[in-house]
Amino acid sequence: MREPRREPGSRAPRPTEGATCAGPGESWSPTPNSMLRVLLSAQASAARLSGLLLLPPVQPCCLGPGKWGDWPPGGGLHAGPVQGLQRLLEQARSPGELLRWLGQNPTKVRAHHYPVALRRLGQLLGSQPRPPPVEQATLQDLSQLIIRNCPSFDIHTIHACLHLAVLLGFPSDGPLMCALEQERRFRLPPKPPPSLQPVLRGGQRLEAALSCPRFLRHPRQHLIRSLAEARPEELTPHVMVLLAQHLARHRLREPQLLEAIAHFLVVQEMQLSSKVVQKLVLPFGRLNYLPLEQQFMPCLERILAREAGVAPLATVNILMSLCQLRCLPFRALHFVFSPGFINHISGTPHALIVRRYLSLLDAAVELELPGYRGPRLPRRQQVPIFPQPLITDRARCKYSHKDIVAEGLRQLLGEEKYRQDLTVPPGYCTDFLLCVSSSGAVLPVRTQDPFLPYPPRSCPQGQAASQPTTHDPAQRVVLMLRERWHFCRDGRVLLGSRALRERHLGLMGYQLLPLPFEELESQRGLPQLKSYLRQKLQALGLRWGPEGG
């Protein structure tokens, strides 16, 4: 019986087979040697066909109008003749009907209809126990339709047709496969001519790895091997500065590489300016690593004595790194605290940052160098050291535990019994500060002066730095968040700036309560965190609530 003809715009029930759209947009490249050949005949295995052709339908609603360009303006999923033709193709009951819908509606056929037709052809062949033989003329006509229109296909449609044609068994050297493959190649971006890569030696290879924008992909062993293979003349100041910046930026505390930098600095002392030395010394202070090279400190002292008046900012940067290592040379301190040096930097563009660094050096002298008897930074020249949280903390605030710890303290103690992000003299920002009575009761902060006196009252010689003498009955407890980025990578060593802050706060009389990131990350939810904070505070003998006053 002749099949009734349906108009392209008529509605029909949607088929139940097929699920979501898969992937004409997925990358795929046909390989002729692995093509599947399926004989489209009555003797073909229906199970084999159905197993090969269980592909989800190609639907423009999944891929979006931007890829297929077939949604008419204002049209939805079921609007317009284009979608009507797709439904007719999806419901065609024979290969001849498929070809008829494509041939009789040339103005309504879009590129994505051809993958739909190929997929439906495979479903028809695989859905019947004994599929009827397909006339060769039908396949040739379908092939010619695709060949004639494939120049207008986009790359996603070409990939889909190639994939389906391979599964249907079209020969790899046939006209359909050749035309689709040719169109695919036309759409590939042109390949640049291969460039002759020069043979890189050790120092050149090291510089190339460190100069690459994606140098994090180069493992540390690669850097060590490149450094070991380099000849001495290949290790230029530029290469070693790149290595030092790489280690400092990514918190890589690699002793072998750091020792190589220290040795290079000692060997090349007379050829290095203080502007280069400041960059070579940076990773030692940041990574809290004092090299084993015995001439490291004597070499730096000679460079500072020679170059201090030439580059003031570089001189102070070198001293900042040495301050983190607790290796401040007295002679250099005499120079930078002299009235001549201070007056010299006052009119320079970097005067504020130099004054901030000098303020930190003055605090280090006050707290860590009781034997120093030289000049100091005048009080009128001192500025807060770190008036706000450090840049790394601000950049990673969304990964920090500070907000949830603050909420835990609020529910545990109450808002009036702690201060957050309070900057204490001489300019260190604290995470959370509590005022505690001599009996251990947590006091409302508004009733107490949260600051301990600075400079602190002198301690008897030999007394522990964490227990300085104080006549104030109220103690100050500082909760210190130790986030993951406060440490060197793959290690348990605090970065130099973090260790310096904790060291100075302890020397000023604040009682420190570290909160390591491993412990914070193990707390599942606010109730567990409150229990964790309660245990931490009670371990210090603190009391709060009705029983704590």
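Calculation criteria
- Residues numbered from 1 in each chain as written.
- Predicted model: local features only at pLDDT ≥ 70, side-chain atom pairs only at ≥ 80, totals over all residues.
- Heavy atoms only, no water.
- Helix = DSSP H or I, 4+ residues; strand = E, 2+ residues; numbered from the N terminus.
- Buried < 20%, exposed > 50% of the residue type's maximum accessible area, 1.4 Å probe, protein only.
- Contact = heavy atoms within 4.5 Å.
- Pairing = 2+ DSSP bridges.
- Right-handed = clockwise from strand over helix to strand, strands pointing away.
- Axes fitted to C-alpha atoms, helices over the stretch in contact; angles between N-to-C directions.
- Parallel < 35°, antiparallel > 145°, perpendicular 65-115°, else oblique.
- Left-handed = near helix turned anticlockwise from the far one by under 90°.
- Nonpolar A, V, L, I, M, F, W, Y, C, P; charged D, E, K, R; others polar.
- Phe/Tyr/Trp six-rings, centres within 6.5 Å; stacked < 30°, edge-to-face > 60°.
- Lys NZ or Arg CZ within 6 Å of the ring centre and 35° of its normal.
- Expected span 1.5 Å × (residues − 1).
- Core = buried A, V, L, I, M, F, W, Y, C linked by side-chain atoms within 4.5 Å.
- Domains from an automatic or database assignment.

Draft legend 1. Structural view of the overall build of the chain. Summing up its helical and strand segments, the chain has 24 helices and seven strands in all. Taken across its 549 residues, the chain has 48% of its residues classed as buried. Intrachain contacts of the chain at a sequence separation of at least 6 include 74% that bridge at least 24 residues.

Draft legend 2. The pairing of strand β7 (residues 511-516), seen in detail. Taken together, the six bridges between strand β6 (residues 475-482) and β7 define a ladder with parallel strand orientation. When the sheet's bridge partners are listed, V477 is paired in β7 with Q511. Each parallel crossover has a hand, and the one from β6 via helix α22 (residues 496-508) to β7 is right-handed.

Draft legend 3. The arrangement of the packing of helix α7 (residues 136-149) against helix α9 (residues 175-187) in detail. Look at α7 against α9: their axes get within 9 Å of each other, and the N-to-C directions meet at 15 degrees. Between α7 and α9, the interaxial angle falls into the category roughly parallel. In the crossing of α7 with α9, the sense of the turn from one axis to the other is left-handed. Facing α7, whose interface residues are S143, I146 and I147, α9 presents P175, L176, A179 and L180. Looking at side-chain class alone, the contact of α7 with α9 contains six nonpolar, one polar and no charged residues.

Draft legend 4. Spatial organisation of the side chain of E307. Summarising the element assignment, E307 is placed in helix α15 (residues 296-307). Once you skip the residues sitting within four places of it in the chain, E307 turns out to touch L272, S273, S274 and T315.

Draft legend 5. Region of the structure containing the packing of helix α8 (residues 155-168) against α9. At their nearest, the axes of α8 and α9 sit 10 Å apart, and the two run at 150 degrees to each other. As the angle between them shows, α8 and α9 are arranged roughly antiparallel. Taken as a pair, α8 and α9 cross one another with a handedness that is left-handed. Contacts from I155, I158, H159, C161, L162, A165 and V166 of α8 reach α9 at L176, M177, L180, E181, E183, R184 and R187. Partitioned by chemical class, the residues of the contact of α8 with α9 number nine nonpolar, one polar and four charged.

Draft legend 6. Representation of the packing of aromatic side chains in the model. Within this structure, the stated rule accounts for six aromatic pairs. Their ring planes at 50 degrees and their centres at 5.0 Å tell us that F284 and F296 sit as a pair that is tilted. On the criterion of sequence distance, the pair formed by F284 in helix α14 (residues 274-286) and F296 in helix α15 is long-range, its members being 12 residues apart. Given the relative accessible area of 0%, F284 is considered buried. The ring centre of F487 lies 4.1 Å from the NZ or CZ of R492, which sits over that ring.

Draft legend 7. Broad picture of unusual backbone geometry. At the junction of P425 and P426, the peptide bond is cis and its omega measures out at 5 degrees in the coordinates. Of note, P426 is situated in the loop between β2 (423-424) and β3 (428-429). For the peptide bond that leads from Y454 to P455, omega is 0 degrees, which places it in the cis range. Its location among the elements puts P455 in the loop between β5 (442-443) and β6. The phi angle at N288 is positive, at roughly 55 degrees, despite the residue not being glycine. Along the chain, N288 falls in the loop between α14 and α15. Since its relative accessible area comes to 23%, N288 is described here as partly exposed. Notably, D421 is not glycine yet its phi reads approximately 55 degrees, a positive angle.

Draft legend 8. Seen up close, the pairing of strand β4 (residues 432-436). Where burial is concerned, most of β4 is hidden: five out of the five residues are buried. Pairing geometry for strand β1 (residues 419-420) and β4, over two bridges, is antiparallel. Each residue of the ladder has a partner; that of R419, found in β4, is L433. Two strands pair when backbone bridges link them, and β4 and β6 are joined in this way by five bridges, in the antiparallel orientation.

Draft legend 9. Structural detail: helix α16 (residues 312-324). If you check α16, its first and last C-alpha atoms are 19 Å apart, about what 13 residues at 1.5 Å a residue would give, namely 18 Å. Summarising burial for α16: 11 of the 13 residues are buried, a large majority. Residues of α16 that are buried include every one of P312, A314, T315, V316, I318, L319, M320, S321, L322, C323 and Q324, and no others.

Draft legend 10. View of α9. With 13 residues, α9 should cover 18 Å at 1.5 Å per step; its first-to-last C-alpha distance of 19 Å lies within 8% of that length. Every buried residue of α9 is accounted for by L176, M177, A179, L180, E181, E183 and R184. For α9, the secondary structure elements touched by its buried residues are α7 and α8.

Draft legend 11. Layout of the environment of F432. Here F432 shows up in strand β4. Remark: the alpha-carbon pair of F432 and K402, spanning 30 residues in sequence, is separated by 9.1 Å. Not counting the four nearest positions on each side in its chain, F432 is found in contact with K402, V405, A406, L409, Y418, R419, Q420, V477, V478, L479 and L481.

Draft legend 12. Highlighting the nonpolar core. Grouped together as the largest cluster of nonpolar side chains are 76 residues, with contacts concentrated most on L265, L328, F337 and L358. A total of eight residues in this core trace back to one element, the largest contributor, which is helix α19 (residues 351-368). Among the domains, domain 2 (219-381) and domain 3 (391-457 + 471-540) are the pair contributing at least three residues each to this core. Sequence-distant contacts of L265, defined by excluding residues within four places in its chain, comprise L272, V277, L280, V281, C299, L300 and I303. Within the second largest apolar cluster, 35 residues are counted, among which are W101, C150, F170 and L176.

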